[in-house]
Amino acid sequence: GSGRSELARTIYGADRAQTGTLKVKGKEVKVKNPIDAMHLGMGLLPDDRKAEGIVADLSVRENIILAIQAKQGILKKIPMAKQCEIADKYIDLLQIKCASRETLIKQLSGGNQQKVCLAKAFALEPKFLFVSEPTRGIDVGAKSLVLDALKKFNKEHGVTVVMISSELEELRTTCDRIAIVSGGKIAGILPATESSEEFGMLMVSQVK
């Protein structure tokens, strides 16, 4: 109920903003929908994988290229060879376990479905990526791979990653700094190296 996921969704155009302004590179912009956000260099990994992250009856390949196709427009079809190239790249990078790129995504484990969702976001080549609860419902091995991929994407491609999570220790080992959100507002920002007690005090102070 803090509003952290809603804040990201609103910036991305998935939810409608009631007040406020959004600036990208110092210039005020209007984001009416996710397509607008994509064209401004944004990407989003939603927290509800099954409801918003995947299309169950499509293949791994089709799910990975879905956002790119939406950004380009339905009339500008991505050539099949290019689709396969993109899918294979991220299947390899994220170690997605599937029989082939044409395997239906609903046949994959939850962890591998999450990796496909991440591949879809990476394939957009965003400059600013929101990831909401990226390790929810996946096993320890998959968690480590997903978090390592996010750090690598940040360092090697210069992508700003905003990670939204209810797992404080996960944030502390992955992020540079952490913002505490309460009631839809940022209550405070601390370096990730701060002690758990410092974060706890900030959280408790907002509850009172």
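Please refer to the structure higher up on the page.
Residues numbered from 1 in each chain as written. Predicted model: local features only at pLDDT ≥ 70, side-chain atom pairs only at ≥ 80, totals over all residues. Heavy atoms only, no water.

Participant: Is there a simple way to think about the overall build of the chain in this case?
Facilitator: Within the chain, the regular secondary structure consists of nine helices and seven strands. For the chain, the spread of C-alpha atoms along the principal axes amounts to about 55 × 40 × 30 Å. Counting the 208 residues in the chain, one finds 42% classified as buried. In the chain, the share of contacts with a sequence separation of at least 24, taken over all contacts with a separation of at least 6, comes to 56%. With the model as given, the accessible surface of the chain reaches about 11900 Å², and the carbon-plus-sulfur share is 52%. A distance of 5 Å separates the average location of the 31 positive side-chain charges in the chain from that of its 25 negative side-chain charges. (Helix = DSSP H or I, 4+ residues; strand = E, 2+ residues; numbered from the N terminus. Buried < 20%, exposed > 50% of the residue type's maximum accessible area, 1.4 Å probe, protein only. Contact = heavy atoms within 4.5 Å. Areas by Shrake-Rupley, 256 points an atom, 1.4 Å probe, with all protein chains shown as cover. Lys, Arg positive; Asp, Glu negative; His and termini not counted. Charge placed at Lys NZ, Arg CZ, Asp CG, Glu CD.)

Participant: Sorry, what's going on with the packing of aromatic side chains here?
Facilitator: Ring pairs (aromatic) are described by centroid distance and by the angle formed between their planes. Under the definition given, this model contains three aromatic pairs. Between tyrosine 90 and phenylalanine 122, the aromatic rings sit 6.4 Å apart at their centres with planes inclined by 55 degrees, giving tilted as the arrangement. With a gap of 32 residues between them, tyrosine 90 in helix 5 (residues 80–93) and phenylalanine 122 in helix 6 (residues 110–123) connect regions that are remote in the sequence. The burial state of tyrosine 90 is the same as that of phenylalanine 122; both residues are buried. Judged by centre distance (5.0 Å) and plane angle (70 degrees), the ring pair of phenylalanine 128 and phenylalanine 130 falls under edge-to-face. Among the residues examined, phenylalanine 128 registers a relative accessible area of 30% and is labelled partly exposed. Each member of the aromatic cluster is reached from another via a ring pair, and the members are Tyr90, Phe122 and Phe153. (Phe/Tyr/Trp six-rings, centres within 6.5 Å; stacked < 30°, edge-to-face > 60°.)

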